[in-house]
Structure formats: C-alpha cells, structure tokens
Amino acid sequence: GQSFVSPYTGDMTTITVRLKKSSGAIGGIRCTVFNTTVGQTPSSTSIGHSDSISIAALATTEEDVVFAFSTPIKLENGSAYACVFQTSSSMSGQIYFSVNPSPGSYTGGSVVESTNGGASWSVLAEDFYFAVAGQSLSHITLEDGEALYYKLDRTMLASNVTLVPFIAPVGSIPNDRE
C-alpha cells in the first residue's frame, strides 16, 4: 500500500495508481483505506474501501488504474492514511505496482507492506506513483463535473517533492509521465 498525508479536508472519491498484471492473472483487487499509526503503517480498522476491479481487465503493461469509492472516504487536512491494495482470495498471478525512481522523494508517506495479512507492517523507502482525487472540499468550490486531484511534483528537487493540487474533469487524470 501507500501512506499519505491529506492536504485537504473533504471526500476522497478515487485513487489512481500505476500498475500492471502478469499474463493470465485473474481475480479481483480493491483499495482499502486505513488511518495510520505512528510510522504511517495501517491501523487495525479500515475506514472504507473502493469498488473491486477485475484483474483480468488490467493490462500487462504499466497503466494508470483508477480505484473508485462508491462511498467517499472522509479525509482530514494533515491526517495520515494508508491505501492498501488487497486481492481476492481467488486471485492467481501477480500485480506489479510502479514506484517512483527517487526513493523517499514524497515526504508525506511511503510504501507500506505486509507479508502476513496485516499482522505487522514494514515501511519501505519508496513511493507508488499515485494520485488521490476528492470533492466537496471546504476551501475551494468545484463546478459540476470537476474534481480536485493531487500529483507528485517532479519538477522540484527530490528532497522537496510535494503533492500539487489541480482541477480536472471528473474521471480524467492528465498524463504526467513527461
């Protein structure tokens, strides 16, 4: 999963991550959101989850995959959360997440990993490529069909990379691979 600090108070409606599947992988995958403990590892109780996505529908080459939350997740400005990606018990094959080649450049969180079903967690020195989108935020007004997105600003020095807000039509995330 990926931990992050929310830069706003409002509803998280999607998270987008860059990933790919191994050939022939099947089953389902969803994102479960947790408050975090000290060290930004997931707490024991989830605060919500995304709709499930069919792994069979994913590409075998890297792509940006949107996990939508039918029931938006309430986020608080400055609070830390972890988005953990869980596969169904019927899953076979592998899912590969793309990571930022500048480990630790996003200082608001990092990749978190559990190899024992969440009994314990490790914090890794890397970050997923991810974007959190929200709406109904208290400090800005969005027009119908717009959403607020955040992306890693890669134009800054690695030690100063931040989440940069931008507004775009709901369901669209500009390609930021340049």
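Residues numbered from 1 in each chain as written. Predicted model: local features only at pLDDT ≥ 70, side-chain atom pairs only at ≥ 80, totals over all residues. Heavy atoms only, no water.

**Thoughts on the side chain of Ser98**
- Within the element layout of this structure, Ser98 appears in the loop between strand E8 (95-97) and strand E9 (112-113).
- The buried category is assigned to Ser98, whose relative accessible area is 4%.
- In this structure the side chain of Ser98 is engaged in a polar contact, spanning 2.6 Å, whose partner is the side chain of Glu62.
- Beyond its immediate chain neighbours, meaning those up to four positions away, Ser98 contacts Arg18, Leu19, Glu62, Asp127, Phe128 and Tyr129. (Helix = DSSP H or I, 4+ residues; strand = E, 2+ residues; numbered from the N terminus. Buried < 20%, exposed > 50% of the residue type's maximum accessible area, 1.4 Å probe, protein only. Polar contact = N/O pair within 3.5 Å; in protein donor to acceptor, adjacent residues only side chain to side chain. Contact = heavy atoms within 4.5 Å.)

**Here's the deal with the pattern of salt bridges**
- What the rule picks out here adds up to two salt bridges.
- A salt bridge links Lys74 to Asp11, with the shortest nitrogen-to-oxygen separation between them at 2.8 Å. Residue Lys74 is found in strand E6 (residues 63-75), and its partner Asp11 is found in strand E2 (residues 10-21); the two are separated by 63 residues along the sequence.
- Among the residues examined, Asp11 registers a relative accessible area of 11% and is labelled buried.
- The partner of Asp64 in a salt bridge is Arg18, and the shortest N-O contact between them spans 2.9 Å. Of this pair, Asp64 sits in strand E6 while Arg18 sits in strand E2; the two residues are 46 residues apart in sequence, bridging distant segments of the chain.
- On the basis of relative accessibility, which here comes to 6%, the residue Arg18 falls in the buried class. (Salt bridge = Lys/Arg side-chain N within 4 Å of Asp/Glu carboxyl O.)

**Let's talk about the packing of aromatic side chains**
- Taken as a whole, this structure holds five aromatic pairs when the rule is applied.
- Measuring from ring centre to ring centre gives 5.9 Å for Phe4 and Tyr81, while their planes differ by 35 degrees; the resulting arrangement is tilted. Of the two residues, Phe4 is situated in strand E1 (residues 2-5) and Tyr81 in strand E7 (residues 80-87); the sequence distance between them amounts to 77 residues. You'll find Phe4 and Tyr81 in the same group, each marked buried.
- Each ring, one from Phe85 and one from Phe97, has its centre 5.2 Å from the other, and the planes form 40 degrees; the classification is tilted. In this pair, Phe85 sits in strand E7 while Phe97 sits in strand E8, placing the two residues twelve residues apart along the sequence.
- Taking relative accessible area as the criterion, Phe97 reaches 24% and is therefore assigned partly exposed.
- Connected via pairs of aromatic rings, a cluster forms that spans Phe67, Phe85, Phe97 and Phe128. (Phe/Tyr/Trp six-rings, centres within 6.5 Å; stacked < 30°, edge-to-face > 60°.)

**Here's the deal with the confidence of the model for the protein**
- Put simply, the protein has an average pLDDT of 77, and 72% of its residues get 70 or more.
- With pLDDT under 50 throughout, residues 136-140 is counted as low confidence; its partners more than four residues away or in other chains account for twelve contacts.
- The low-confidence segment residues 174-178, where pLDDT is below 50, has nine contacts with residues more than four positions distant or belonging to other chains. (pLDDT = per-residue confidence, 0-100.)

**Side note on the side chain of Ser22**
- Within the fold, Ser22 resides in the loop between E2 and strand E3 (28-36).
- What makes Ser22 buried here is its relative accessible area of 17%.
- Beyond its immediate chain neighbours, meaning those up to four positions away, Ser22 contacts Thr60, Gly93, Gln94 and Tyr96.

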